[in-house]
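Given next are the chains, with one letter for each unit.
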Amino acid sequence: MTASPRFARPSAFVRAAVLAYGALVLVASLYPFSGWRAPASEVLWARMAEWPRYYTWSDVALNVAGYVPLALLLSLALRARLSAVAAGSAAVLVCVALSGGVELLQGFLASRVTSALDLFCNGVGALLGAWLGLAAGGSWLLDGAPTRWRRAYLVPGTRADLVVLLLALWLFTQFNPAPLLFGHGDLRPLSGAAAVPWSAPLAMASDGALAALAVLSVAGLCAWVMRGGSQALHATALLVLLALALKSLAGVVLLHAPNPFGWLAPGAVAGLAVGGLLARGITRLAPHRAALAAALASAAAAALLNATPANPYFEETAPPGRPGHSRSFAATAAAVATLWPFAAVAVVLLGRRRPWRPVESDAVSTTSTSP
């Protein structure tokens, strides 16, 4: 009788993804972080014990879907120390405890409503995520095609894990309801008006420059962690196409926009073309030079965005968007879009100061077995 593996190899990417996704869940659940007040305890518990008066099926679906990845990632992270069944069970318990704590905190927010239905839906999502971890976590996710793809195309070490996570968050930022394509690092709501007045030629030039710099940032990050320039160029093209598709999907799902391609301004089209041409040269650079180019492009894009005034036409005609959890989801994407270029610069600077060594999951595959 052969021994079956009980523990999976640890994964730095999974651990980082758990922290990042958990932060996204907290931001989406507690948005807008204002209007805090102390509710009456009997009212709070009464809301937790009754069926909500108003709910939408889209909110129910988002509550279920939002906790599926969290439970899946948690179960994968815990399988480095626990058996598959124990890891899945622990992931469900952690997710339910997190959801319960968030629902209680929502009772202190004037703009949020505590609901037992949300807790139930989050628990269903956690069960589905844990089941996926049990069914395919070890054989496919940790030891299957994704792992083989990583070893074939990415350099070993934590650096690649963090860049993959950065690029996944970059795709998530496309759900930002702002009409500007690739508008990352927008601090204008905090700093006030831009330094120059708005004009149509300036807006067109800014749209094009932001689109080109975004493509260069993605190309530089891909060239930094991928094993070949042609692979990095293909990955850049795929990521940009996915980003454009997600941007259009966000316009339909989150904003009910009559024209899902309203962000595709002439300046943005020209910027995508220029960025695509320059990306070929970026992906041929040495990895450390490509990383530096990505950091410079991210910083330049954030500086340009904050120096350019917002388009008043977009602000006056933008649709209000859907109420409920969809609005919180869009606000979370906007918050990630604000922080993304600064996170990209930080990862590049940290990686250039001290190269990351391969983690245990990249070096050797060590598993404990039980008879």
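Structural data are supplied above this passage.
Per chain, residue numbering runs from 1 following the sequence as it is written. Only residues with pLDDT of at least 70 get local features here, since the model is predicted, and only at 80 or more are side-chain atom pairs given and counted; chain-wide, interface and lining totals rely on the full set of residues. Neither water nor hydrogens contribute to the side-chain values; these are computed over all heavy atoms in the structure.

Visitor: It is not clear to me how the overall build of the protein chain should be interpreted in this structure. Could you clarify?
Guide: A count of helices and strands for the protein chain gives 15 helices and two strands. Throughout, exposure labels follow a simple rule: accessible area from a 1.4 Å probe, protein chains only, divided by the maximum for the residue type, with under 20% read as buried, over 50% as exposed, and the rest as partly exposed. Here the protein chain, with 371 residues, has 44% of them falling under the buried criterion. Total accessible area on the protein chain stands at roughly 18,700 Å², and carbon and sulfur atoms take up 70% of it. Numbering of helices and strands runs from the N terminus, with a helix taken as a DSSP run of H or I at least four residues long and a strand as a DSSP run of E at least two residues long. Residue-level accessible areas treat just the shown protein chains as cover; the underlying method is Shrake-Rupley with a 1.4 Å probe.

Visitor: Would you mind going over the nonpolar core with me for this structure?
Guide: Side chains that are nonpolar tend, in soluble globular proteins, to be buried together. W170 and F182 are the most contacted members of the largest nonpolar core, which has 53 residues in total. For this core, the secondary structure elements donating two or more residues are helix 7 (158-172), helix 9 (200-225), helix 10 (229-253), helix 11 (266-282), helix 12 (287-307) and helix 14 (325-353). Among the elements that make up this core, the one with the highest residue count is helix 9 (13 residues). Throughout, a contact is declared for two residues whenever any of their heavy atoms are within 4.5 Å. The residues contacting W170, other than those within four sequence positions of it, are F182, H184, V218, L239, V240, A243 and W340. The term nonpolar core refers to a set of buried residues drawn from Ala, Val, Leu, Ile, Met, Phe, Trp, Tyr and Cys, joined through side-chain atoms within 4.5 Å. Grouped together as the second largest cluster of nonpolar side chains are 16 residues, V25, L74, L76 and A126 included.

Visitor: Whenever I open this one, the pattern of salt bridges confuses me. Can you help?
Guide: Between side chains of opposite charge, pairing is possible as soon as their charged atoms come close. Salt bridge, as applied in this entry: a Lys or Arg side-chain nitrogen positioned within 4 Å of an Asp or Glu carboxyl oxygen. Using the criterion set out here, one finds one salt bridge in the structure. R150 is paired through a salt bridge with D161; the nearest N and O atoms lie 3.1 Å apart. Of this pair, R150 sits in helix 6 (residues 145-153) while D161 sits in helix 7, and the two are eleven residues apart along the sequence. Using a relative accessible area of 6% as the deciding quantity, one classes D161 as buried.

Visitor: Can you walk me through a nonpolar patch on the surface in this structure?
Guide: Side chains of Y31, F33, W36, L105 and F108 sit close together on the surface and give an oily, nonpolar patch of about 460 Å² of accessible area. Note that W36 resides in the loop between helix 1 (12-30) and helix 2 (41-49). Exposure above 30% relative accessible area and no salt bridge define the residues that can form patches, which grow by joining like charges within 9 Å and nonpolar side chains of Val, Leu, Ile, Met, Phe, Trp and Tyr within 5 Å.

Visitor: How do you make sense of empty space enclosed by the protein when you look at a structure like this?
Guide: Leftover empty space is mapped by rolling, across the atoms, a probe with the size of a water molecule. Detection works on a 1 Å grid of protein atoms alone, calling trapped sets that fit a 1.4 Å probe cavities and calling open sets with protein on both sides within 12 Å along at least five of seven lines pockets, with lining residues defined by an atom within 4 Å of a point. Grid points are joined across faces, edges and corners, and a volume is the space filled by probe spheres set on the points. The final tally for this structure, using the stated rule, is three cavities of 30 Å³ or more. Approximately 80 Å³ is the volume found for the largest cavity. Counting only elements with at least two residues in the lining of the largest cavity, the list comes to helix 9, helix 12 and helix 14. Each residue gets one label: Ala, Val, Leu, Ile, Met, Phe, Trp, Tyr, Cys and Pro are nonpolar, Asp, Glu, Lys and Arg are charged, and the others, such as Gly, are polar. Along the lines of polarity and charge, the residues of the lining of the largest cavity split into nine nonpolar, three polar and no charged.

Visitor: Would you explain the packing of aromatic side chains in this entry?
Guide: When we look at a pair of aromatic rings, we describe it by the centre distance and by the angle of the planes. In summary, the pairing rule links any two rings of Phe, Tyr or Trp, Trp by its six-membered ring, whose centres are within 6.5 Å, and it sorts them by plane angle into stacked for under 30 degrees, edge-to-face for over 60 and tilted for everything else. Applying the stated criterion across every chain, the model contains five aromatic pairs. Residues W149 and Y153 carry aromatic rings whose centres are separated by 5.7 Å and whose planes lie at 40° to one another, so their mutual orientation is tilted. Of the two residues, W149 and Y153 both sit in helix 6, four residues apart, roughly one turn of that helix. Relative accessible area serves as the criterion here: at 43%, W149 is assigned to the partly exposed category. Residue classification places Y153 among the partly exposed positions, given a relative accessible area of 33%.

Visitor: What's the story with the environment of A300 in this structure? I'm lost.
Guide: Within the fold, A300 resides in helix 12. In this structure A300 comes out as partly exposed when scored by relative accessible area, which is 35%. With 41 residues separating them along the chain, A300 and P341 place their C-alpha atoms 9.3 Å apart.

Visitor: Hey, could you run me through the environment of C95 in this one?
Guide: Mapped onto the fold, C95 is located in helix 4 (residues 84-106). The exposure class of C95 is buried, given its relative accessible area of 1%. Between the C-alpha atoms of C95 and V68, which are 27 residues apart in sequence, the distance is 9.5 Å. When sequence neighbours within four positions are dropped, the list of residues in contact with C95 reads Y67, L70, A71, L74 and A126.

Visitor: Hey, could you run me through unusual backbone geometry in this one?
Guide: If you check the backbone angles, F182 has positive phi at about 60° while not being a glycine. Tracing the backbone through its elements, the reader meets F182 in the loop between helix 7 and helix 8 (188-191). According to the relative accessible area criterion, F182 is buried, its value standing at 4%.

Visitor: Would you mind showing me how to read the packing of helix 7 against helix 9 here?
Guide: Two measures define how a pair of helices packs: the angle their axes make with one another and the distance between the axes. Here the axes come from fitting lines to C-alpha atoms, over the contacting stretch only for helices, and the angles between their N-to-C directions go from 0 to 180 degrees. Contact geometry of helix 7 with helix 9 gives a least axis separation of 9 Å together with a crossing angle of 155°. In terms of orientation, helix 7 lies roughly antiparallel with respect to helix 9. Like other packed secondary-structure pairs, helix 7 and helix 9 cross with a definite hand, here left-handed. Packed against helix 7, whose contacting residues are R159, A160, V163, L167 and W170, the element helix 9 presents V218, L221, C222, W224 and V225 at the interface. Orientation labels follow simple angle bins: below 35 degrees gives roughly parallel, above 145 gives roughly antiparallel, 65 to 115 gives roughly perpendicular, and whatever is left gives oblique. When the near helix sits turned anticlockwise from the far one by under a right angle, the crossing is termed left-handed; a clockwise turn instead gives a right-handed crossing.

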